[in-house]
Amino acid sequence: MFIYSDFVMKVIPLNIEAGISGFESPAAEYKELGLSLDQLLIINPDATFIGLAKGNSMEGVGIFDGDLLLVDRAEQLHQGDVIVANYNGCFTCKLIDKDKAQLLSASPLHKPVTVSADDEFQVEGIVTRSIRIHRKTKELSNVCFS
Amino acid sequence: MYALVDAVSYYASCEKVFDPSIRNKPVVVLTNNDGCICAVCPIARRLGVPKFKPYFQIKHFLAKHNVVIRSSNYELYADLSEKMMNVISRYCDNQYVYSIDESFLQFKNYSNIIDDWHDYGHKIRRAVWKETRLPVGVGFGSTPTLAKAANHAAKKLSGFNGVAIVDDDASRKEVLSRMSVTDVWGIGNRLGKRLNVLGINTGWDLANQSAKLMRTQFSVVVERTVNELNGIACLSWDDVRQPKKEIFSTRSFGQRVNDSYSLSTALVSHGAIVGRKVRQQQSLIKRLVIFAASSPHDDNYYNKSIIHEFTVATDNTLTIARAISAVINDIYISGVNYYRCGIGAIELSNSQFVQRDMFSTSDDNPELMYCYDGVNNRYGNDALKVAAEGLNEKWHMRREFLSPSYTSKWRDIPKIVC
């Protein structure tokens with residue numbers, strides 16, 4: 001059987017007091033679980049993947065080259081959402097205009113794209129969060145940003 | 001009601017999840033060391049790409065049709081499997097994960113909640129596709145074996161579109177009579193041939209046999225299958241996956257090996273894998289087969305296997321390693337270019353019911369193995385190794401067409417054009 005990560009009990013670490021130990025920490029009673037970014041940022045863990053933004057057409061909504069995107073496939077699509085689509089075989093991040101069947105950029109330098117019947121197009125998921133890496137990390141330093 | 005939910009050509013479908021450029025292309029996945037084709041996506045199947053063919057034999061055919069080739073990316077498949085199973089688990093409170101891409105569901109007291117199983121099956125398919133981008137087939141049946149048959153119909157027979165239900169006489173007859181007897185769960189090729197001799201060719205033929213007679217002629221397993229095909233549930237989750245009767249670890253070398261040290265380290269590594277699997281299912285090894293061979297396509301094909309019998313059955317990796325080291329000089333011949341080797345535990349016993357020997361004592365060390373498995377479970381296999389496995393990785397897997405680890409390595413996460 002699988003052990004589902006959601007069900008694994010999180011335990012508050014408390015040290016065992018043995019023998020002469022001086023004063024008990026006055027904060028021991030107040031210890032809580034640490035904050036988890038996953039818990040805060042990821043709504044549907046099984047339907048979410050992490051991608052890397054490349055390009056600058058979405059700077060108007062605060063998505064810059066090299067940002068991390070959390071893409072949620074389970075969330076309901078709304079007009080004007082920031083989405084990731086499979087557009088002709090390529091993951092593309094855009095704003096969606098459902099009524100006009102258009103993909104909009106958040107930059108004056110990029111024109112709207114109208115999706116036609118000849119295009120390969122599927123909405124892949126909703127960009128629910130984006131994360132800016134202000135100081136380089138070792139894990140992402142090998143990633144090719146070009 | 002039971003259901004079997006499984007993915008359509010799972011490995012090939014996984015390759016398409018994070019690579020939209022190949023979604024509409026024919027894709028095949030190769031086995032360990034890129035030896036054979038083990039998964040063919042539906043588009044490639046329509047081109048006539050056969051499964052289980054050695055890669056080198058149809059290399060040109062694949063190139064001619066621009067088929068996308070991938071090595072097995074187990075890291076990706078394992079991660080996507082967990083997500084897929086989690087999504088499926090929302091649809092039933094009793095899920096049994098049967099393999100990396102199959103899970104059984106048992107619906108008890110759902111008849112008041114679900115009035116249209118067909119519709120429910122499509123709900124499951126849509127949810128799994130939307131959230132994981134994996135296509136699945138859903139088969140409902142009144143027994144696990146019928147659910148498996150329905151799943152076969154859902155995916156392979158015309159007229160079903162990913163969902164099939166076998167829950168009454170009419171649907172049983174329709175589906176089973178269109179299935180070859182070897183497509184019935186638990187009926188292998190060898191058994192199938194023996195049944196064919198008796199004129200039993202389809203699943204429906206088998207369902208109409210006397211269960212008792214099948215038991216006397218074949219085995220209790222066939223008897224159970226006949227009952228299951230007639231809607232009498234006999235299998236519980238524990239029967240569905242019984243402990244394996246044999247455990248093998250074998251693989252062809254990434255590069256040919258021709259020195260005794262490399263062969264010995266490879267064999268001991270296989271021994272360690274067998275040891276781990278044996279302990280997982282709480283068995284003990286009584287008899288071990290140790291083998292090595294050159295390629296059958298070579299001149300002077302060389303093939304040697306030695307059977308080692310343990311005085312006292314064991315699950316200790318160190319004991320297995322010692323047994324291998326003791327026979328390496330009988331297997332290794334200088335000048336042979338070894339192509340594959342392996343270890344098989346061919347006689348197993350249950351570690352909970354051990355027959356002790358009056359004259360020989362076991363030198364097993366369960367505490368050590370418990371600790372060894374514990375460390376490796378926590379820090380990854382091979383965190384702790386037997387020294388005789390060596391550090392030489394020359395014989396490790398060849399994965400020339402490996403896709404990125406999209407979900408498990410930061411440097412491999414999918415790129416999204418903005």
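Coordinates for the structure precede this section.
Only a predicted model underlies this, so the values are computations on that prediction, with no experimental measurement involved. (Residues numbered from 1 in each chain as written. Chains lettered and ligands numbered in written order. Predicted model: local features only at pLDDT ≥ 70, side-chain atom pairs only at ≥ 80, totals over all residues. Heavy atoms only, no water.)

Remarks on the sheet that holds strand β7 (residues 136-141) of chain B
Residues and elements named next belong to chain B.
Then, number 1: The strand order across the open sheet formed by 5 strands is β5-β6-β1-β7-β8, and the pairing between neighbours is mixed. Edge positions in the sheet fall to β5 (95-99) and β8 (163-166), since each has one partner strand and no second. The mean angle between the axes of side-by-side strands here comes to 20 degrees, regardless of whether they run parallel or antiparallel. (Pairing = 2+ DSSP bridges. Helix = DSSP H or I, 4+ residues; strand = E, 2+ residues; numbered from the N terminus. Axes fitted to C-alpha atoms, helices over the stretch in contact; angles between N-to-C directions.)

What about the packing of aromatic side chains?
Residue and element names in this part refer to chain B.
Then, number 1: Going through the model one piece at a time under the given rule, you end up with 22 aromatic pairs over all chains.
Then, number 2: Judged by centre distance (5.7 Å) and plane angle (90 degrees), the rings of Tyr98 and Trp185 are edge-to-face. With Tyr98 in strand β5 and Trp185 in the loop between α7 (169-177) and α8 (189-197), the pair connects residues that are 87 residues apart, well separated along the chain. Of the two residues, Tyr98 and Trp185, neither departs from the other in class, the shared state being buried.
Then, number 3: Taken together, the ring pairs connect Tyr91, Phe107, Tyr110, Trp117, Tyr120 and Phe140 into an aromatic cluster. (Phe/Tyr/Trp six-rings, centres within 6.5 Å; stacked < 30°, edge-to-face > 60°. Buried < 20%, exposed > 50% of the residue type's maximum accessible area, 1.4 Å probe, protein only.)

A closer look at the pattern of salt bridges
Then, number 1: One pass over the full model with this rule turns up 20 salt bridges over all chains.
Then, number 2: Note that Glu124(A) and Arg133(B) form a salt bridge whose closest N and O atoms lie 3.2 Å from each other. Note that Glu124(A) is positioned in strand β7 (residues 121-131) and Arg133(B) in the loop between α5 (117-132) and β7, a pairing that runs across two chains. Considered together, Glu124(A) and Arg133(B) belong to a single accessibility category, that of buried residues. (Salt bridge = Lys/Arg side-chain N within 4 Å of Asp/Glu carboxyl O.)

What to know about the interface of chain A and chain B
Then, number 1: Listed by partner, the interface residues are 42 residues for chain A and 29 residues for chain B.
Then, number 2: With both sides pooled, the region where chain A packs onto chain B buries about 3,100 Å², and carbon together with sulfur makes up 60% of that total.
Then, number 3: The interface formed by chain A and chain B includes 2 salt bridges.
Then, number 4: For the interface between chain A and chain B, the tally reads 16 residue pairs in polar contact (both at pLDDT 80 or more).
Then, number 5: The set of elements that each furnish at least two residues to the side of chain A that touches chain B consists of β1 (48-54), β2 (68-72), β3 (82-87), β4 (91-97), β7 and α2 (138-141) of chain A.
Then, number 6: Ranked by residues supplied to the side of chain A that touches chain B, first place goes to β1(A) with 7 residues. (Contact = heavy atoms within 4.5 Å. Buried area = accessible area lost by both parts, 1.4 Å probe. Polar contact = N/O pair within 3.5 Å; in protein donor to acceptor, adjacent residues only side chain to side chain.)

Here's the deal with helix α13 (residues 260-280) of chain B
All names here are of chain B.
Then, number 1: Over its 21 residues, α13 extends 30 Å from the first C-alpha to the last, a length consistent with the 30 Å expected when each residue adds 1.5 Å.
Then, number 2: The buried count for α13 comes to 15 of 21 residues, which makes it a mostly enclosed element.
Then, number 3: Where α13 ends, the next residue or the one after it, Gln282, has phi of about 55 degrees, a positive value. (Expected span 1.5 Å × (residues − 1).)

Some details on a positive patch on the surface
Residues and elements named next belong to chain B.
Then, number 1: On the surface, Arg45, Arg46, Lys51 and Lys156 cluster together into a positively charged patch.
Then, number 2: By the element assignment, Arg45 lies in helix α2 (residues 42-46).
Then, number 3: In this structure Arg45 comes out as partly exposed when scored by relative accessible area, which is 44%. (Patch = residues over 30% accessible without salt bridge, like charges linked within 9 Å, V, L, I, M, F, W, Y side chains within 5 Å. Areas by Shrake-Rupley, 256 points an atom, 1.4 Å probe, with all protein chains shown as cover. Lys, Arg positive; Asp, Glu negative; His and termini not counted. Charge placed at Lys NZ, Arg CZ, Asp CG, Glu CD.)

Description of the environment of Gly203(B)
All names here are of chain B.
Then, number 1: Inspection of the secondary structure puts Gly203 in helix α9 (residues 203-207).
Then, number 2: For Gly203, a relative accessible area of 0% translates into the label buried.
Then, number 3: Separated by 140 residues in sequence, Gly203 and Ile343 place their C-alpha atoms 36 Å apart.
Then, number 4: Setting aside its immediate chain neighbours within four residues, Gly203 contacts Leu176, Met179, Ser180, Val181, Val184 and Leu229.

Comments concerning empty space enclosed by the protein
Then, number 1: In this structure the tally under the stated criterion is 1 cavity of 30 Å³ or more.
Then, number 2: Reported here for the largest cavity is a volume of approximately 60 Å³.
Then, number 3: The set of elements that each furnish at least two residues to the lining of the largest cavity consists of β1 of chain A together with α4 (74-89) and α5 of chain B.
Then, number 4: Among the residues forming the lining of the largest cavity, the class breakdown is 4 nonpolar, 2 polar and 4 charged. (1 Å grid on protein atoms, 1.4 Å probe; cavity = no way out; pocket = protein on both sides within 12 Å on 5 of 7 lines; lining within 4 Å. Points joined across faces, edges and corners; volume = space filled by probe spheres on them. Nonpolar A, V, L, I, M, F, W, Y, C, P; charged D, E, K, R; others polar.)

Here we look at the packing of α13(B) against helix α15 (residues 366-379) of chain B
All names here are of chain B.
Then, number 1: Where α13 meets α15, the closest approach of the two axes is 12 Å, and the angle between their N-to-C directions is 105 degrees. On the basis of the axis angle, α13 is roughly perpendicular to α15. Residues Ala272, Arg276 and Arg279 of α13 form the contact with α15, whose own contacting residues are Met369, Tyr372 and Asp373.
Then, number 2: Here the residues of the contact of α13 with α15 are counted per class, giving 3 nonpolar, no polar and 3 charged. (Parallel < 35°, antiparallel > 145°, perpendicular 65-115°, else oblique.)

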